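Structural description and commentary
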Amino acid sequence: MDRRRAAIIGGVGLGALAAVAAVHVAGTRIRRRHHIDLDELMVPPENVTHHRIATSDGGTLHLVEAGSGQPLVLLHGVTLQWWVWSPLFHLLSDRFRVIAWDMRGHGGSEAGTDGVTLEAAGRDLVEVLEHLDLSDAIVVGHSMGGMAIGRSVVDHADRLDARSAGLVFLATAATSVSPRFVAGYLGAGAGVLAGKADRANAVPVDRLWRPGDLSASLIRIAFGKEPSADAIEAVRQMIIDVPTITSVEAGAAILNHDLTDDLGAYEGPAMVIVGSDDHLTPPRLAERIARLLPQAELHVLEGVGHQVMQEQPRRLGELLERFAFSARAARPRRAAGRA
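Attention here is on the structure that accompanies the text. (Residues numbered from 1 in each chain as written. Predicted model: local features only at pLDDT ≥ 70, side-chain atom pairs only at ≥ 80, totals over all residues. Heavy atoms only, no water.)

Regular strands have side chains that alternate between both faces of the sheet. Among the 6 residues of strand β3 (residues 70-75), 6 are classified as buried, and the element is accordingly described as predominantly covered. Across 6 bridges, the pairing between β3 and strand β4 (residues 96-101) is parallel. Each residue of the ladder has a partner; that of Leu-72, found in β4, is Val-98. Read as a crossover between parallel neighbours, the route from β3 over helix α3 (residues 86-92) to β4 is right-handed. (Buried < 20%, exposed > 50% of the residue type's maximum accessible area, 1.4 Å probe, protein only. Helix = DSSP H or I, 4+ residues; strand = E, 2+ residues; numbered from the N terminus. Pairing = 2+ DSSP bridges. Right-handed = clockwise from strand over helix to strand, strands pointing away.)

A separate point is the sheet that holds β3. One open sheet holds the 8 strands; their spatial order is β1-β2-β4-β3-β5-β6-β7-β8, and the pairing between them is mixed. Edge positions in the open sheet fall to β1 (49-54) and β8 (296-301), since each of these has one partner strand only. On average, each strand axis in the sheet is tilted by 20° relative to the strand beside it, whichever way the strands run. Relative to β8, strand β7 (residues 270-275) runs parallel, the two being bridged by 6 bridges. Following the sheet pairing, Val-274 is matched in β8 by Val-300. (Axes fitted to C-alpha atoms, helices over the stretch in contact; angles between N-to-C directions.)

Here we come to the packing of helix α4 (residues 118-131) against helix α5 (residues 144-155). The N-to-C vectors of α4 and α5 enclose an angle of 75°; their axes lie 8 Å apart at closest approach. On the basis of their axis angle, the class for α4 and α5 is roughly perpendicular. Along its contact with α4, which presents Leu-118, Glu-119, Ala-121, Gly-122, Leu-125 and Val-126, the element α5 presents Met-144, Met-147, Ala-148, Ile-149, Arg-151, Ser-152 and Asp-155. For the contact of α4 with α5, the class distribution of residues is 8 nonpolar, 2 polar and 3 charged. (Parallel < 35°, antiparallel > 145°, perpendicular 65-115°, else oblique. Contact = heavy atoms within 4.5 Å. Nonpolar A, V, L, I, M, F, W, Y, C, P; charged D, E, K, R; others polar.)

Tracing the chain through its elements places His-156 in the loop between α5 and α6 (157-163). Non-local contacts of His-156, meaning those with residues more than four positions away in its chain, are made with Gly-122, Arg-123 and Val-126.

With that out of the way, let us pick up the packing of aromatic side chains. Per the counting criterion, the structure on display carries 1 aromatic pair. Centroid distance Trp-82 to Phe-89: 5.5 Å. Interplanar angle 75°. Geometry classified as edge-to-face. Of the two residues, Trp-82 and Phe-89, neither departs from the other in class, the shared state being buried. (Phe/Tyr/Trp six-rings, centres within 6.5 Å; stacked < 30°, edge-to-face > 60°.)

Okay, the nonpolar core next. Among the nonpolar cores identified, the biggest contains 48 residues, and Leu-72, Leu-74, Trp-85, Phe-89, Ile-138 and Val-140 are the most heavily contacted of them. In this view, Val-140 contacts Leu-72, Val-73, Leu-74, Leu-75, Trp-85, Ile-149, Val-168, Leu-170 and Leu-320; residues no more than four positions away in its chain are not counted. (Core = buried A, V, L, I, M, F, W, Y, C linked by side-chain atoms within 4.5 Å.)

A word on helix α11 (residues 229-241). The end-to-end C-alpha distance of α11, which contains 13 residues, comes to 19 Å, matching closely the 18 Å that a straight helix rising 1.5 Å per residue would cover. Regarding α11, the residues found buried are Ala-229, Ala-231, Ile-232, Ala-234, Val-235, Arg-236, Met-238 and Ile-239. By the N-cap criterion, in which a side-chain oxygen at the helix start approaches the backbone nitrogen of a residue two or three places on, α11 is capped by Ser-228, the distance to Asp-230 being 3.2 Å. (Expected span 1.5 Å × (residues − 1). Polar contact = N/O pair within 3.5 Å; in protein donor to acceptor, adjacent residues only side chain to side chain.)

Within the span of helix α13 (residues 283-292), buried status applies to Pro-283, Leu-285, Ala-286, Ile-289 and Ala-290. The arc enclosing the buried residues of α13, seen along the axis, measures out at 160°, which places them on a common side. Opposite the buried face of α13, at more than 90 degrees from it, the exposed residues are Arg-284 and Arg-291. Taken together, the buried residues of α13 touch β6 (164-170), β7 and β8. (Arc of directions from axis to C-beta.)

This is the structure we're talking about:
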């Protein structure tokens, strides 16, 4: 081996070692950071009621609710589960009927024959609202959950309008997002999206998302400034539980998402919320939604990343409570306008 080749190999080796060391340092720092006032809210609530609801395409949704009052309906994002909303259950179930479910293909929910698509998820939403016989609901969608709300607006406008008082688009988009977002957020499923769909079940998701510095560093991307280790660990547990095929189908749906020409048809109360440090669905995407919706109000939360409900749950709860009051007050005027 000549000296030049040896130097190149040595340089590559040193670079790899440096990268490993950097991940170790960053991962250790991330996993040692705790916020007691937030961490207690991350614990899944125990005083909840569980339901199983059949979907029209043969699937089953695992739904959880607590409290009473005006319904607050929560749709989570891809690779997450209902209990990512635990902080809002703790903070708001004394004043609202808080409802969340595992989106199809996630957690305890099974996708039907239509698979994991935004069209199917949007239909699931109106079916849940009708099954529970809800009215004046505030419907909140995070990330892919917000995309599902948008799809429901387009595909099921009358059914959604009949059951809801207002819509909240949280850290989401009205158009397709960058493939880098999909790859970064779906992790091991990204390899399948790149052309290995026939080997979906062979992707070693457990190796990528096992507890440690690497998974902590990867999940850290979804957060803003100084996230709690408990929040990051909660997301890791949800990711490891999601079948790779769900990530693959959801990723394809996200890449093909575009409601630019249709979302503006919704004229009811709407609120758009995003973190200033959201690198997955950045503020410019929230601003686009706000421009499309005639009655939208936009809130950019300083220093917050993609996981708003885990990073600033109290601020989010305040915004939702205020919006619920104003949206419900506007409801009679909307009904009179349609008469």
